[in-house]
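Below are the chains, spelled out letter by letter.
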Amino acid sequence: MKLISGGVCAAKGFAANGIHCGIRKNKSKRDLALIYSEVPASAAAVYTTNLVKGAPLAVTKRHLMNGIAQAVICNSGNANTCNANGIEIAEQMGELLAKELKIDAKDVIVASTGVIGLPLDIAPIAAGIPSLVAGLGNKSVEAAEGIMTTDTRLKEVAVSFEIGGKTCSLGGIAKGSGMIHPNMATMLVFITTDCAISPAMLQKALSTDVQTTFNMVSVDGDTSTNDMVAVLANGMAGNDCIDAEGEAFDSFMKALNTVTVALCRRIAADGEGATKLLECSVSGAKDEATAKTVAKAVVCSSLTKAAMFGADANWGRVLCAIGYSGADVDVNGVDVSFVSPKGEILVCQKGAGVAFSEETAKEILLENEIEIRITLSDGQGSATAWGCDLTYEYVKINGDYRT
């Protein structure tokens, strides 16, 4: 397996585009994105657990009941959530795109992101779809830009891998900066692959993978209303279709996980106002579920996040988060270290503080990627979670997000 360029256009038979159609006032910001497969593809998706859901999710769920899709359309700037005519607008987005592409409207995945509770006018979308389709090409970057809201960094990645002697590619784009919190989904992510895999196995692969990737990301403790991760697999690599578990499925899972972990890290690093990516790795837990609970609690702790922003080695906040997490942990057997490219420093051993250099600790914590390494003494379970620091800028961004 190797990293390649191309994002959602890396796989055979996929094209993409992103334009400004007029949903967002800033004409320099793309606000409508499209991903298209030359042929119908196996499709799978996972969705937010928030009871308040964007209208596009309801439409997409219906469209994917047969496990097939051929296109994704997504607008930014307006979430199309809590709108009386939201379903109608989402359906119209799919129908207008399908007519232009000459495909079945039921084969369109529809997504929206942006402000909640603001009516979405179909007019700019309808006017923009012809040029959106006409401009289809190797434009993963443009599509990625079209789904961004408060994101400050483009998020795309792709890999190539072998299945049964055939070279396959898998790539993805993502948006996510704020209102990100476990569990599923936590952002908008669109993944494409030319690997041949059945809809059932694709759903199994995605549903399994998100448990240790996207469900382990938190920026601010708020689970969005429009979160979705969708995957399209068009089979154009020519491998034998993966329709059961085995070596080929394992290879596909490894490729999928490589892309999703990379996107998780980029989403967490680009948290609203963030200056640092936080990775909490837990080992020695009673089981994986316990390790996940501990890791999530630490990356979600506002006090820990604030300490990391200030490069303050306040390890007591880590212990505090472990203690209230609800995990079955021997608190007298907890070791904590802070790790960065500048080195590693042990700050807690067997649940108690140890002597360490504050100057060295600060130097380590001033880096923009920090690992909070927790070693428990209860078993073999392990897990990793991703988050970011909590800064003044986060409040500034969200204080006037709508206005």
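Going by the structure above, here's the rest.
The paragraphs below set out a description of the structure included in this document. Values in this document were obtained by computation on a predicted structure and should not be read as measured data.

The rules we used
- Residues numbered from 1 in each chain as written.
- Predicted model: local features only at pLDDT ≥ 70, side-chain atom pairs only at ≥ 80, totals over all residues.
- Heavy atoms only, no water.
- Buried < 20%, exposed > 50% of the residue type's maximum accessible area, 1.4 Å probe, protein only.
- Helix = DSSP H or I, 4+ residues; strand = E, 2+ residues; numbered from the N terminus.
- Arc of directions from axis to C-beta.
- Contact = heavy atoms within 4.5 Å.
- Phe/Tyr/Trp six-rings, centres within 6.5 Å; stacked < 30°, edge-to-face > 60°.
- Lys NZ or Arg CZ within 6 Å of the ring centre and 35° of its normal.
- Axes fitted to C-alpha atoms, helices over the stretch in contact; angles between N-to-C directions.
- Parallel < 35°, antiparallel > 145°, perpendicular 65-115°, else oblique.
- Left-handed = near helix turned anticlockwise from the far one by under 90°.
- Nonpolar A, V, L, I, M, F, W, Y, C, P; charged D, E, K, R; others polar.

Turning next to helix 9 (residues 316–324). Helical geometry note: an α-helix holds 3.6 residues per turn, so side chains three or four residues apart project in the same direction. Taken together, the buried positions of helix 9 are Val318, Leu319, Ala321 and Ile322. The buried residues of helix 9 occupy one face: seen down the axis, they fall within an arc of 160°. Set apart from the buried face of helix 9 by more than 90 degrees, the exposed residues are Gly323 and Tyr324. Against the buried residues of helix 9 lie helix 7 (288–300), helix 8 (302–309), strand 11 (335–340), strand 12 (343–349) and strand 14 (369–375). One or two positions beyond helix 9, positive phi appears at Gly326, with a value near 90°.

A few words on the side chain of Gln70. As for its placement among the helices and strands, Gln70 is situated in strand 4 (residues 68–78). Once you skip the residues sitting within four places of it in the chain, Gln70 turns out to touch Ile35, Tyr36, Ser37, Glu38, Val39, Pro40, Ile103, Asp107 and Leu232.

Turning next to helix 10 (residues 358–365). Looking at helix 10, one finds that the buried residues are Ala361, Ile364 and Leu365. Projected down its long axis, helix 10 carries its buried residues within an arc of 90°, all on one side. The inward-facing, buried residues of helix 10 abut helix 8, strand 11, strand 12 and strand 14.

Tallied over the full model, the rule gives two aromatic pairs. Aromatic pair Phe309 and Tyr392: ring centres 5.3 Å apart, planes at 90°, arrangement edge-to-face. Here Tyr392 lies in helix 11 (residues 392–399) and Phe309 lies in helix 8, a separation of 83 residues in the sequence. Assessed through its relative accessible area of 26%, Phe309 is described here as partly exposed. Exposure remark for Tyr392: the relative accessible area of 69% places this residue in the exposed category. Positioned over the ring face of Tyr47 is Lys61, at 4.9 Å from the centre of the ring.

This paragraph deals with unusual backbone geometry. Glycine aside, residues mostly have negative phi, and peptide bonds are mostly found in the trans state. Not every positive phi belongs to a glycine, and Cys82 is a case in point at roughly 60°. Looking at the element boundaries, Cys82 is found in the loop between strand 4 and helix 2 (86–101). You can call Cys82 exposed: its relative accessible area is 57%. Even without glycine at this site, Lys102 takes up a positive phi of about 65°.

Where helix 2 contacts helix 3 (residues 122–134), the axes come no closer than 10 Å and their chain directions differ by 25°. Between helix 2 and helix 3, the angle falls in the class roughly parallel. Helix 3 is crossed by helix 2, and the crossing has right-handed handedness. Here helix 2 contributes Ile89, Gln92, Met93, Leu96, Leu97, Glu100 and Leu101 to the contact with helix 3, which in turn contributes Ile122, Ile125, Ala126, Ile129, Pro130 and Val133. A breakdown of the residues in the contact of helix 2 with helix 3 according to their chemical character gives eleven nonpolar, one polar and one charged.

By themselves, these observations are geometric and do not establish any function.
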